[in-house]
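# Coordinates in review
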Amino acid sequence: MKDSKVIIGLTNPKSPSNIGSVMRAAGCYRADAVYYTGERYARAAKFHTDTKDRSRDIPLTGADCLLQQVPEGAKIICVDLVEGAIPLPEFKHPDHAFYIFGPEDGTISQQVIDRADAVVYVPTVGCMNLAASVNVVLYDRLAKSVSTISGDDLIRQSRDINNRVVVKKEVEENS
């Protein structure tokens, strides 16, 4: 049973392909909802980039202000290259999080940063694109979680229908 809540907020995302990749990540990491601000995605939404149709299960909603979408009890976590931010490897994720990501060609506003419970960054040389950042942060959350689901049942449920490969016993024994 899921005892945490994860919501993703995207600040004026630049491209529809990034939104599609964010939706795929949201599905893989069991996010509850995705919100976005700005007009760029709405204009480009006719391009079907959500290749796993995650928006059928996870709401993707336009909003005027991400801060107005934060549910009661959720911690606001901004993710951006901002001076003074916490490196992601040192960050402890809250159970109920509203992650706000900046756009690729801009940043999260100072007003939003000032309301955050934490501001984190992924310590890379150079900046990653939006979808890559979402994937890394959500994976970090999963990797640090005490309730990680794993095993062959998860693999069978998650893999593509064309993938039926298994690890041979000899490989397991040599590890």
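Look a little higher up for the structure.
Computed from a predicted structure; not experimentally measured. (Residues numbered from 1 in each chain as written. Predicted model: local features only at pLDDT ≥ 70, side-chain atom pairs only at ≥ 80, totals over all residues. Heavy atoms only, no water.)

Here we come to the overall build of the chain. When its secondary structure is counted, the chain shows six helices and seven strands. N-terminal to C-terminal, the α/β element order of the chain is β-α-β-α-β-β-β-β-α-β-α-α-α. For the chain, the residues scored as buried account for 37% of the 175 residues in total. A total of about 10900 Å² of accessible surface is found on the chain, and carbon and sulfur atoms cover 49% of it. (Helix = DSSP H or I, 4+ residues; strand = E, 2+ residues; numbered from the N terminus. Buried < 20%, exposed > 50% of the residue type's maximum accessible area, 1.4 Å probe, protein only. Areas by Shrake-Rupley, 256 points an atom, 1.4 Å probe, with all protein chains shown as cover.)

Counted at 1.5 Å a residue, the expected span for helix α1 (residues 16–28) with its 13 residues is 18 Å, and the 19 Å between its end C-alpha atoms agrees. Within α1 the residues assigned to the buried category are P16, N18, I19, G20, V22, M23, A25, A26 and G27. Directly beyond the C-terminal end of α1, a positive phi value near 60 degrees is found at R30. (Expected span 1.5 Å × (residues − 1).)

At N12, a residue that is not glycine, the phi angle is positive and equals roughly 40 degrees. Here N12 is to be found in the loop between β1 (5–10) and α1. Backbone geometry at R30 places phi at a positive 60 degrees, although glycine is not the residue there. With respect to the element layout, R30 can be found in the loop between α1 and β2 (33–36).

All right, on to the pairing of β2 then. Along β2, one buried face is formed by A33 and Y35 and the opposite face, lined by V34 and Y36, is buried too. In the sheet, β1 pairs with β2 via four bridges, with the strands oriented parallel. Bridge pairing in β2 links I7 to A33. Taken together, β1, α1 and β2 constitute a β-α-β crossover, and its handedness is right-handed. Bridge count between β2 and strand β3 (residues 60–62): three bridges; the pairing is parallel. Along β3, the bridge assignment pairs Y36 with G62. (Pairing = 2+ DSSP bridges. Right-handed = clockwise from strand over helix to strand, strands pointing away.)

Another point: the sheet that holds β1. Strand order in the open sheet formed by seven strands is β3-β2-β1-β6-β4-β7-β5, and the pairing between neighbours is parallel. Looking at strand neighbours, the two that pair on one side only are β3 and β5 (86–87), the edges of this open sheet. Sitting on the sheet, α1 touches β1, β2 and β3, and the angle it makes with β1 is about 175 degrees. Here helix α4 (residues 130–144) sits on the sheet and contacts β1, β4 (75–79) and β6 (96–101); the angle it forms with β6, its principal contact strand, is near 160 degrees. (Contact = heavy atoms within 4.5 Å. Axes fitted to C-alpha atoms, helices over the stretch in contact; angles between N-to-C directions.)

In the structure shown here, the tally under the stated rule is one salt bridge. Note that D140 and K144 form a salt bridge whose closest N and O atoms lie 2.9 Å from each other. Here D140 and its partner K144 are both found in helix α4, four residues apart, which amounts to about one turn of the helix. Since its relative accessible area comes to 13%, D140 is described here as buried. (Salt bridge = Lys/Arg side-chain N within 4 Å of Asp/Glu carboxyl O.)

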